[in-house]
Amino acid sequence: MNNLISAMMTIITPMDDASANGKEKMIENNGVEICTESFGNPKDPAVLLLAGATVSMLYWDEEFCSELAARGCYVIRYDNRDVGRSTHYEPGSANYDILDLEADAIAILDGYQLAEAHFVGMSLGGLIAQIAAIRHPEWVSSLTLMATGPWAEADTTIPEMDKRILDFHGKAAAVNWTSEEEVVSYMLEGAQLMSGRKPFDKTRGEKLVRSEFARANNYISMFNHATLGGGMEFYNRLEEIYQPTLVIHGTDDLIWHVENSRLLLEKIAGSKRMLLDGTGHELHRADWAMIIEGIVKHINGLR
């Protein structure tokens, strides 16, 4: 379990009705507040975007969300606990597990008065989406699993997270996490390391880090995601997933090796795969059109 969680590490008050684009809405789940934002027409098929560990909903770029919405999807992105404007805990003191994060996702759908949604999960978000498909299948219309692996025992024939990523995380203790400039420098180094062979957009990356730093209730609380446990009762049950599944994976991913996508194909009946050549553990701007087209075709094929 700890190896899986390590592999996922990537480098307000209620507002108006969330049916309007760009309006944030707080959803409460057993005393926890989850910050969400929607794009598009609520009458269109709902797509819930689940981000990876340590990143806020801003990882799903506003332009990406708007483009997906323009293709006929009602898009919802949100901050997991301990990132962005959602409920946070003191670093090292998180009292929740991965099943609580899955329950938050379901609570969001309920809060938006949605009966179900298409789950699009990246990295940690992909693991949460798999659990949701098993634990609450009636809420999950389909799965799109990006840059992630199976919620199951590790396949020892597949390479683990690249040592360069581990070495990079080992330098986190030396960072002054109250200094925006130190944080930007460190996080950009990590983002560039996790990018693949496609050109790294430093300007876009810096904008994201600064936005997340300014917006977070407690930026360093994001590292609580590294302590996640739980969910073992749903381990090794991927054969129970019946929802149509699209697997999207970069060929140069240093965190979740691309062979994990093959494993998902083997374990989830009827699943399909899209490989992004030269892409790392990232949502690269150059891949947006292909990813959005893939998601839209995947969803429309179910009608």
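Further up the page is the structure itself.
Bear in mind the structure is a predicted one, so any value in this text is a computation, not a measurement. (Residues numbered from 1 in each chain as written. Predicted model: local features only at pLDDT ≥ 70, side-chain atom pairs only at ≥ 80, totals over all residues. Heavy atoms only, no water.)

**Examining the overall build of the protein**
From N to C terminus, the protein includes nine helices and eight strands. The C-alpha extent of the protein, read off along each of the three principal axes, is 50 × 50 × 40 Å. For the protein, buried positions account for 56% of its 303 residues. Here the protein has roughly 12500 Å² of accessible surface; of this, 49% comes from carbon and sulfur atoms. (Helix = DSSP H or I, 4+ residues; strand = E, 2+ residues; numbered from the N terminus. Buried < 20%, exposed > 50% of the residue type's maximum accessible area, 1.4 Å probe, protein only. Areas by Shrake-Rupley, 256 points an atom, 1.4 Å probe, with all protein chains shown as cover.)

**Things to note about the pairing of strand β8 (residues 272-276)**
Examined bridge by bridge, strand β7 (residues 245-250) and β8 share five bridges and lie parallel to one another. Each bridged residue has a counterpart across the sheet, and for V247 the counterpart in β8 is R273. Considered for its hand, the β-α-β crossover made up of β7, helix α8 (residues 259-267) and β8 is right-handed. (Pairing = 2+ DSSP bridges. Right-handed = clockwise from strand over helix to strand, strands pointing away.)

**Thoughts on empty space enclosed by the protein**
Of the volumes computed, that of the largest cavity is approximately 70 Å³. What lines the largest cavity is T54, V55, S56, D82, V83, G84, E212, A216, Y219 and M222. Grouping the constituent residues of the lining of the largest cavity by class yields five nonpolar, three polar and two charged. By volume, the second largest cavity is sized at about 50 Å³. Along the walls of the second largest cavity sit M122, M146, A147, I248, H249, G250, L276, T279, G280 and E282, which together make up its complete lining. When its residues are assigned to classes, the lining of the second largest cavity shows five nonpolar, four polar and one charged. (1 Å grid on protein atoms, 1.4 Å probe; cavity = no way out; pocket = protein on both sides within 12 Å on 5 of 7 lines; lining within 4 Å. Points joined across faces, edges and corners; volume = space filled by probe spheres on them. Nonpolar A, V, L, I, M, F, W, Y, C, P; charged D, E, K, R; others polar.)

**Describing the side chain of D104**
Within the element layout of this structure, D104 appears in helix α3 (residues 98-111). D104 sits in the buried class, given a relative accessible area of 1%. Apart from residues no more than four positions distant in its own chain, D104 is found in contact with N29, I34 and R81. (Contact = heavy atoms within 4.5 Å.)

**Observations concerning the nonpolar core**
If you look at the biggest cluster of nonpolar residues, it comprises 51 residues, and the most contacted ones within it are L48, I108, F119, L143 and W151. Contributing elements (two or more residues each) for this core: β2 (32-39), β3 (46-50), β4 (74-78), α3, β5 (117-122), α4 (124-135) and β6 (140-146). Setting aside its immediate chain neighbours within four residues, I108 contacts I27, I34, T36, L48, I76 and Y78. Counting residues in hydrophobic clusters, the runner-up holds 28 residues, among them A51, W60, F64 and C65. (Core = buried A, V, L, I, M, F, W, Y, C linked by side-chain atoms within 4.5 Å.)

**Details of the environment of M146**
Residue placement: M146 occurs in strand β6. The class of M146 is buried, set by a relative accessible area of 3%. Separated by 65 residues in sequence, M146 and S211 place their C-alpha atoms 23 Å apart. Here M146 is in contact with W60, V120, G121, M122, S123, I248, L283 and I291, once residues within four sequence places are set aside.

**What about the pairing of β4?**
Successive side chains on a regular strand alternate, one facing one side of the sheet and the next facing the other. β4 sits mainly inside the fold: five of its five residues count as buried. Every second residue of β4 is oriented toward a common face, with Y74, I76 and Y78 on one face and V75 and R77 on the other, all of them buried. Sheet topology places β3 next to β4; four bridges connect them, and they run parallel. From the neighbouring strand, V47 faces β4, where its bridge partner is V75. Of the crossover connections in this fold, the one passing from β3 over helix α2 (residues 62-70) to the parallel β4 is right-handed.

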